[in-house]
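Residue-level listing of the chains:
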Amino acid sequence: MHDIVTSGFLFPNDLHAHWSLMIVLYPYITGLVAGAFIVSSLYHVFGIKELKPVARFSLVAAFAFLMFACTPLLFHLGHPERALNIMFTPKFTSAMSGFGYIYNFYLLIVLLEIWFVYRPEIIRRARETQGPLKALYWCLALGSLNDDEASLGLDRKIISVLAAVGIPSACILHGYVGFLFGSLKSNPWWSSPLMPVIFLLSAIVSGISILIVCYWLVCRFSDLKLDTGCLTAMFKYLWGFFILDVSMEGLELLTHIYEAHEEWHIVSLMLSERLGFSFYTLQLGICSVIPLIALGFVVLKKMQDATRIRLGLICSVLILVQVLAMRWNVIVGGQLFSKSLRGLTSYTPTILGREGLLAALVLFMMPFVVMYVFNLILPLFNKEAESQQ
Amino acid sequence: MIFDNATRQTNQNNTPAAYTKRQTYRTRHEEEASFMKAYDHIIRFALLITAVIAGFFIIRARLVPESFGVQGSYSYAFYRADSADEQAALPAVHQGSAHCSACHAPQASLRQTNAHAGLECETCHGSFKAHNNNTKERMAVSGSVDACMLCHAALTARPAQFPQIDSFSAHVAQQNETLLPGMTCVTCHDPHAPM
Amino acid sequence: MKHDRREFIKKAGWTFIGSGLYINLFSAGPALAGSRSSALKNLYAFIVNTETCIGCGKCAAACRAENSVPDGNYRTWIERYTIMHSGSVEVDSPHGGEKGFTPLSFNPADIRKSFFVPKLCNHCKKPNCVQVCPVGATYVSPEGFVLVDEKRCVGCSYCMQACPYSARFMNPVTHTADKCTWCYHRIRQGKTTACVQVCPVGARLFGRVDDTDGPVAQLLKAKRLQVLKPETGNEPMVLYVGLDKEVH
């Protein structure tokens, strides 16, 4: 256990940060969902053809992250066994209560879309395989092995409707997470109407970034051929959304500084004394400035594909760090000053334990395990289509 | 019953008119079938989801306590009504001076007319709970200097009119007495009637 | 015939689902509302007099004993404000003031004024903590007390984040939200709160607002009172005599 470092006067109940590392991880994972889903929608709804190679993968990635979006919360709750109370007796004046329903609705949409997208594949495999595998695919197809043109045409229609419904759902899901913090009038570092917007934009950029990194890794370590056009298109969207994201974050900070409310004194002290590195150096500095400029070059300048990809990849990783730092700075930062507005406390995550670093790391790896298992059953990437091009 | 129906139908359908009727029926049936075929998987999925949702509501009905609900205002009074009554039934730990007086008449009457009249027995002696099994030691407080200084030590934050003393030794010296070993505040003041 | 049966099954299905939904979604509420509901009136108020408080900490100690408050957590505590001639403000609350205060090391000549401020849950009229509870585990009782149902609380800590006064804490024993109840059990049993009872100088007062002869109503009439952080819009029901602008 790390000692808590305090300075100034804290209300006696303000010594510990109630929302720990797990609550940092929760919006991070949720954000990856929203971002990945937006990418798939860019293809399915907006017809961005360059994104075809990752269209399926982004859907499955969204699903995999979604499956573990709630788990950090369960690790954090005082009574995880009562978690379903939030759906049994939801009180809708609470920003949190909608979560169970929004989450499940969104899960259903993603699940449905994946199912319809993969149905021809499932049916083909149900016909071609034997034994327990056949049974598995038969179950996945819900026992309906009908892939005539009528039903497939119907599926295509449904997919585009689902993708279209999915966009606002993804926005609601993540904007909602921002609202959860932004609507707390008791906390001057959270309470801001810009919070949902910032959460949403940072969600989108982190989602695109993780897709870029995963896609590159998969191509690197398998015989899949990297589609440069697809990557370049993703860099383009990443840059665009990142410009918006950083401007919003900057605007919020600027408003705080300029308005200089009574509470700003302690918040600014907290930022410089407790979050000097993660806020100023990481979030605002290295991980914002470099990707902003470098992605500009990647998108606008002529350069060799290999350089472009390498540079873009570095930016994607930096952006992943930026968003994680942003989650940390918002959630932990909001709890490092006392509501007495006169004192600071500290928070260092433990290594072991229910809410420790190790648990968080394992949790974060789980979606990738899900993707791996998914790939064993149904392919994440369409190799045949790839070789035809 | 079903068999009967079937035979009756075939009997009736032997007329030419019924024959054409059956033709149209069949084509409609086929149409319906191909339509159903295209929707087959969707219906299955819908049934699955419906089953899950129905299951959710069945479980919910079993798990939500009966007294849970809106007790007036939804915003501020949406709760399990029994919870308030459960809390109201918690035992009180502090009993009040009147309760002590029944058994400790001397202290009670001493206190009545004195500077400490406004003080509750439990303020100094702690809650009555410790007394429950009649172990008098638990209830007893030492007449130590610190016990009195908790309230009477001079602090700038204390209201000026409240009687305060700077330190034990200074106070004793002020009374033109010599500080003897073992002397505490209760040597000169009865805690129940200090002045 | 066949058609009829299908029709019947369809109808039965809808009726089943419909009635199920109705029973599940709405029954618990209205069925009970009649027996328990009474419009929220906030019948009680708590008055803290910072001008008479001597900072002995007996209230916090009594609260701990009365409500089995775990060590390190506070349902009520006492702060000491020391305001210097320079304008700087020093605040301290060692152990929540529960073990009393020791003299300060400042030069008395530098001190403009100094006073104690006891704190507790404000039992607000529009409590933010109740607003944000996602499961209906915290609520305003018919008498206007803000309470926690420790059997429904999931321990998400959202209410702690929402309370502007940090009156709430995570109970390390029950793993649920915990806070001052204004000694709800004692009030329902006709007693006063533990902290009010043990206060040697009457710096704490609790009582009904509508009882015109009662001490609370009298003080409400006689004194000009202030609440903590009125800008949050929670409408606290703990009122302070002699609150200074330095106090948050």
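What you are looking at is a predicted structure, and each value in this text was computed from that prediction instead of being measured.

### What about the overall build of chain A?
On a plain count of helices and strands, chain A comes out with 14 helices and two strands. Counting only C-alpha atoms, chain A reaches 70 × 55 × 35 Å along its principal axes. In chain A, which comprises 389 residues, the share counted as buried stands at 58%. Long-range pairs, those at least 24 residues apart, make up 79% of the contacts in chain A with a sequence separation of at least 6. For chain A, the accessible surface area stands at approximately 15900 Å², while carbon and sulfur atoms represent 70% of it.

### Re the sheet that holds strand β2 (residues 76-84) of chain C
Residues and elements named next belong to chain C. With respect to topology, three strands assemble into an open sheet ordered β3-β2-β4, the strand pairing being antiparallel. Taken across any chain shown, the strands that pair with only one partner, and hence form the sheet edges, are β3 (89-92) and β4 (111-120). Between one strand and the next, the sheet's axes are offset by a mean angle of 20 degrees, whatever the strand orientation. Taken together, the four bridges between β2 and β3 define a ladder with antiparallel strand orientation. Within the sheet, the bridge partner assigned to R80 lies in β3 and is D92.

### Quick word on the packing of helix α5 (residues 98-128) of chain A against helix α6 (residues 131-140) of chain A
All names here are of chain A. The contact between α5 and α6 brings their axes to 9 Å, and the two run at 150 degrees. The orientation of α5 relative to α6 falls into the category roughly antiparallel. Note on packing geometry: the crossing formed by α5 with α6 is left-handed. The residues of α6 that touch α5, namely those facing W115, I122, R125, A126 and R127, are K134, Y137, W138 and L140. Residue composition of the contact of α5 with α6, by class: six nonpolar, no polar and three charged.

### Remarks on the side chain of A:S192
Residue placement: A:S192 occurs in the loop between α7 (149-182) and α8 (195-221). In terms of polar contacts, A:S192 uses its side chain to reach the side chain of A:E252, at 3.0 Å.

### Examining the interface of chain A and chain B
Counting residues at the interface gives 23 residues for chain A and 19 residues for chain B. For the pair chain A and chain B, the summed buried surface comes to about 1800 Å²; carbon and sulfur atoms form 74% of the total. On the chain A side of the contact with chain B, A:F88, A:K91 and A:L142 bury the most area, a combined 32% of that side's loss. Run the count over chain A and chain B and you get zero salt bridges. Seen at the junction of chain A and chain B, the total is eight residue pairs in polar contact (both at pLDDT 80 or more). If you list the elements that add at least two residues to the side of chain A that touches chain B, you get α4 (85-88), α5 and α7 of chain A. The greatest single-element share of the side of chain A that touches chain B, amounting to six residues, is contributed by α5(A). Looking at the side of chain A that touches chain B residue by residue, the class counts come to 13 nonpolar, six polar and four charged.

### A look at unusual backbone geometry
Peptide bonds are trans in most cases, and residues, glycine excluded, mostly fall at negative phi. All names here are of chain C. With phi around 45 degrees, S68 is a residue other than glycine that occupies positive phi space. Within the secondary structure, S68 sits in the loop between α3 (58-67) and β2. In this structure S68 comes out as exposed when scored by relative accessible area, which is 53%. The backbone phi angle of E235 is positive, close to 55 degrees, even though this residue is not glycine. In this fold, E235 is placed in the loop between α8 (215-222) and β10 (238-241). Judged by its relative accessible area of 33%, E235 falls in the partly exposed class.

### Observations regarding the packing of aromatic side chains
One pass over the structure, following the stated rule, counts 38 aromatic pairs over all chains. Considering the side-chain rings of A:F37 and A:Y106, the 5.4 Å spacing of their centres and the 65 degrees angle between planes classify their relative orientation as edge-to-face. Of this pair, A:F37 sits in helix α1 (residues 21-44) while A:Y106 sits in helix α5, placing them 69 residues apart in sequence. For A:F37, a relative accessible area of 0% gives the class buried. Of the residues examined, A:Y106 reaches a relative accessible area of 0% and is grouped as buried. Looking at A:R220, its charged tip hangs above the ring of A:F221, at a distance of 5.6 Å from the centre. Lying across the ring of C:Y74, C:R64 places its NZ or CZ 5.1 Å from the centre.

### A word on the interface of chain C and chain B
In this complex, chain C contributes 61 residues to the contact, which on the side of chain B involves 54 residues. Between chain C and chain B, a total of about 4600 Å² is buried, with carbon and sulfur atoms accounting for 58% of that surface. On inspection of chain C and its partner chain B, the count reaches three salt bridges. C:R188 serves as the salt-bridge partner of B:D85, at 3.1 Å between the closest nitrogen and oxygen.

### As for α8(A)
The end-to-end C-alpha separation of α8(A) is 38 Å, in line with the 39 Å expected for 27 residues at 1.5 Å each. In terms of burial, α8(A) is a largely internal element, 21 of the 27 residues being buried.

### Looking at the pattern of salt bridges
Should the charged atoms of two oppositely charged side chains come close, the side chains can pair. Tallied over the full model, the rule gives 26 salt bridges over all chains. In this structure, C:R80 engages C:D92 in a salt bridge whose closest nitrogen and oxygen atoms are separated by 2.9 Å. Here the residue C:R80 occupies a position in strand β2, and C:D92 occupies one in strand β3, the gap between them amounting to 12 residues. By relative accessible area, which is 2% here, C:R80 ends up buried. Across the pair C:E235 and C:K126 runs a salt bridge whose closest N-O atoms are separated by 3.1 Å. Taken together, the residues C:E235 in the loop between α8 and β10 and C:K126 in the loop between β4 and α4 (128-132) connect sequence positions 109 residues apart. Owing to a relative accessible area of 41%, C:K126 belongs among the partly exposed residues under this scheme. Each of A:R56, A:E121, A:R124, A:R125 and A:E128 takes part in one network of salt bridges that share partners.

### Remarks on a nonpolar patch on the surface
On the surface, a cluster of nonpolar side chains totalling about 480 Å² of accessible area is made up of A:I351, A:L352, A:L357, A:L358 and A:V362. Tracing the sequence through the fold places A:I351 in the loop between β2 (342-344) and α13 (357-377).

### A word on the sheet that holds β10(C)
All names here are of chain C. One open sheet holds the three strands; their spatial order is β9-β1-β10, and the pairing between them is mixed. On the outer flanks of this sheet lie β9 (204-208) and β10, each paired with one strand and no other. Within the sheet, the average angular offset between the axes of one strand and its neighbour, ignoring direction, is 25 degrees. Note that strand β1 (residues 44-49) and β10 share four bridges and pair parallel. Paired with V48 across the bridge in β10 is Y240. Docked against the sheet, α8 engages β1, β9 and β10, running at close to 105 degrees with respect to β9.

Here is what the cut-offs are and how they apply
- Residues numbered from 1 in each chain as written.
- Chains lettered and ligands numbered in written order.
- Predicted model: local features only at pLDDT ≥ 70, side-chain atom pairs only at ≥ 80, totals over all residues.
- Heavy atoms only, no water.
- Helix = DSSP H or I, 4+ residues; strand = E, 2+ residues; numbered from the N terminus.
- Buried < 20%, exposed > 50% of the residue type's maximum accessible area, 1.4 Å probe, protein only.
- Contact = heavy atoms within 4.5 Å.
- Areas by Shrake-Rupley, 256 points an atom, 1.4 Å probe, with all protein chains shown as cover.
- Pairing = 2+ DSSP bridges.
- Axes fitted to C-alpha atoms, helices over the stretch in contact; angles between N-to-C directions.
- Parallel < 35°, antiparallel > 145°, perpendicular 65-115°, else oblique.
- Left-handed = near helix turned anticlockwise from the far one by under 90°.
- Nonpolar A, V, L, I, M, F, W, Y, C, P; charged D, E, K, R; others polar.
- Polar contact = N/O pair within 3.5 Å; in protein donor to acceptor, adjacent residues only side chain to side chain.
- Buried area = accessible area lost by both parts, 1.4 Å probe.
- Salt bridge = Lys/Arg side-chain N within 4 Å of Asp/Glu carboxyl O.
- Phe/Tyr/Trp six-rings, centres within 6.5 Å; stacked < 30°, edge-to-face > 60°.
- Lys NZ or Arg CZ within 6 Å of the ring centre and 35° of its normal.
- Expected span 1.5 Å × (residues − 1).
- Patch = residues over 30% accessible without salt bridge, like charges linked within 9 Å, V, L, I, M, F, W, Y side chains within 5 Å.

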